[in-house]
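What the coordinates show
Listed below are the residues making up each chain.
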Amino acid sequence: MNKLHANKLRVCLLALPLLLSGCLEVDQHPEWLHGQYAGKQDNRPFDVRFHNDRLAWSAAINNRTQKQNEYNRANP
């Protein structure tokens, strides 16, 4: 193998990672179908933990907030 072929092979080996890195890019935007979002639907907290009872979820959040209120904790 002469020196010219060795240099061409070296350049090809150095360029190969650059070419492959461009091919591995994944599309990160969800698709839109008929003008609407077609990605995964996110579950709401009251759907997951409170069996779709929004009032129970709201009451739990309100109770937690009141326990963190410093005025209520300082003056029992």
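Residues numbered from 1 in each chain as written. Predicted model: local features only at pLDDT ≥ 70, side-chain atom pairs only at ≥ 80, totals over all residues. Heavy atoms only, no water.

This paragraph deals with unusual backbone geometry. Negative phi values dominate among residues other than glycine, just as trans dominates among peptide bonds. Positive phi is not limited to glycine here, since H34 has a value of about 55 degrees. Along the polypeptide, H34 turns up in the loop between β1 (32-33) and β2 (36-37). Note on H34: relative accessible area 84%, which makes it exposed. The phi dihedral of H51 falls on the positive side, at around 50 degrees, and the residue is not glycine. By the secondary structure assignment, H51 is in the loop between α2 (45-48) and α3 (54-67). (Helix = DSSP H or I, 4+ residues; strand = E, 2+ residues; numbered from the N terminus. Buried < 20%, exposed > 50% of the residue type's maximum accessible area, 1.4 Å probe, protein only.)

As a further point, take the packing of aromatic side chains. Taken as a whole and judged by the stated rule, the model has two aromatic pairs. On the numbers, 6.3 Å between centres and 75 degrees between planes, the contact of W32 with Y37 is edge-to-face. Assessed through its relative accessible area of 57%, W32 is described here as exposed. A ring pair is formed by F46 and W57, whose centres lie 5.6 Å apart and whose planes are at 55 degrees; its orientation type is tilted. (Phe/Tyr/Trp six-rings, centres within 6.5 Å; stacked < 30°, edge-to-face > 60°.)

Take the pattern of salt bridges next. The full count for this structure, using the stated rule, is one salt bridge. Note that D42 and K40 form a salt bridge whose closest N and O atoms lie 3.8 Å from each other. By the burial criterion, D42 is exposed, and K40 matches it. (Salt bridge = Lys/Arg side-chain N within 4 Å of Asp/Glu carboxyl O.)

The end-to-end C-alpha separation of helix α1 (residues 3-23) is 31 Å, in line with the 30 Å expected for 21 residues at 1.5 Å each. Bending of α1 peaks at approximately 30 degrees at the position of A15, with proline P17 no more than four residues after it. (Expected span 1.5 Å × (residues − 1). Bend = angle between axes of the 7 residues up to and from the residue.)

With 97% of its residues at a pLDDT of at least 70, the chain reaches an overall mean of 86. Mean pLDDT per element in the chain: α1 is the minimum at 83, and α3 is the maximum at 94. (pLDDT = per-residue confidence, 0-100.)

Mapped onto the secondary structure, F46 falls in helix α2. Between the alpha carbons of F46 and N63 there is a distance of 15 Å; along the sequence they are 17 residues apart. Leave out the neighbours within four places in its chain, and F46 touches H51, N52, D53, R54 and W57. (Contact = heavy atoms within 4.5 Å.)

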